[in-house]
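Each chain is listed here by its residues.
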Amino acid sequence: LSAEAMKINQNTVLQGQRVTLVPYTAAHVPRYHEWMQSEELQRLTASEPLSLEQEYEMQRSWRDDADKCTFIVLDTERWSRQACADEDCMVGDVNLFLTDTEDPTLGEIEIMIADPSYRGRGFGKETTLMMMSYGVRNLGITKFEAKIGQENEASICMFKKLHFKEVAVNSVFQEVTLRLDVSDQERRWLLEQTNHVEEKSYVELKLPAGVLET
């Protein structure tokens, strides 16, 4: 896949029932940075805390990187009322990585519902289904993997409900690898689960006519 393919979503909004997925922009960085100060989230995502400046750099590299596709997860109800800016409706993020240079049809999926008040309410499930459907339809993904810390039982359980199977356990990193091969039957199921999702233009939703963000 070319770099263009992964920039494919820089103007894409996917609006579902509970969640709306929008491109990760500089405007989202301060809130994201705030989340990542949480020790619990650092542990669950196996990540180190970054400075705000590093987080901005990271956002730029994610936007331009040829093998990553990232969306910020918003609360649809709050966001669609247009009463609040994206930053005030953010609940998490979701990523697809092309980790295997030999196999561009394999996508590793990562999801984080950062705001604890949104966990256990179906936000993660809808986000994951929407991202998988997008990967299948727009990026040619036919196999998904998820690597999850062994202690993160809620996440492991959710992926298993979405038909993923446990294929490996890494005791060094204390993580489990789950996998889903998208058969024709799985593809039909996935598209049925997400047939309510509307795809829109981010620029048109966010900005008055005639103004384009660089």
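For the structure itself, look to the data block above.
Small disclaimer: the values here were computed from a predicted structure and weren't measured. Along each chain, residues carry numbers from 1 onward, in the same order as the chain's sequence is written. Totals for whole chains, interfaces and linings use all residues, but because this is a predicted model, local features are given only for residues with pLDDT of at least 70 and pairs of side-chain atoms are given and counted only at 80 or more. As a rule here, side-chain values come from all non-hydrogen atoms in the structure, and water together with hydrogens is ignored.

Undergrad: Report on the environment of E175, specifying residues and quantitative values.
TA: Within the secondary structure, E175 is located in strand β8 (residues 175-181). Working definition: with a 1.4 Å probe on protein chains only, accessible area under 20% of the residue-type maximum means buried, over 50% means exposed, and in between means partly exposed. You can call E175 partly exposed: its relative accessible area is 21%. Contacts were defined at the residue level, with two residues in contact if any of their heavy atoms lie within 4.5 Å. With sequence-adjacent residues up to four places away left out, E175 is seen in contact with K147, I148, G149, Q150, A168, V169 and N170. Secondary structure elements follow DSSP: runs of H or I no shorter than four residues count as helices, runs of E no shorter than two count as strands, and numbering proceeds from the N terminus.

Undergrad: Outline the sheet that holds strand β4 (residues 90-97), listing residues and values.
TA: Hydrogen bonds between backbone atoms are what pair the strands of a sheet, whose relative direction is either parallel or antiparallel. Paired strands, as defined in this entry, are two strands with at least two bridges between them according to DSSP. Strand order in this open sheet of nine strands is β7-β8-β6-β5-β4-β3-β2-β1-β9, and the pairing throughout is mixed. The outermost strands of the open sheet, each flanked by one partner alone, are β7 (165-170) and β9 (198-201). Each adjacent strand pair in this sheet contributes to an overall mean axis angle of 25°, direction not counted. In this structure, strand β1 (residues 12-15) lies alongside strand β2 (residues 19-23), joined through two bridges in antiparallel fashion. By the bridge assignment for β2, Q15 is matched with T20. The axes used here are C-alpha line fits, helices contributing only the stretch in contact, and every angle between their N-to-C directions lies in the interval 0 to 180 degrees. Against the sheet, helix α7 (residues 123-138) engages β1, β2, β3 (68-75), β4, β5 (106-113), β6 (143-149), β8 and β9, with an angle of about 155° to β5.

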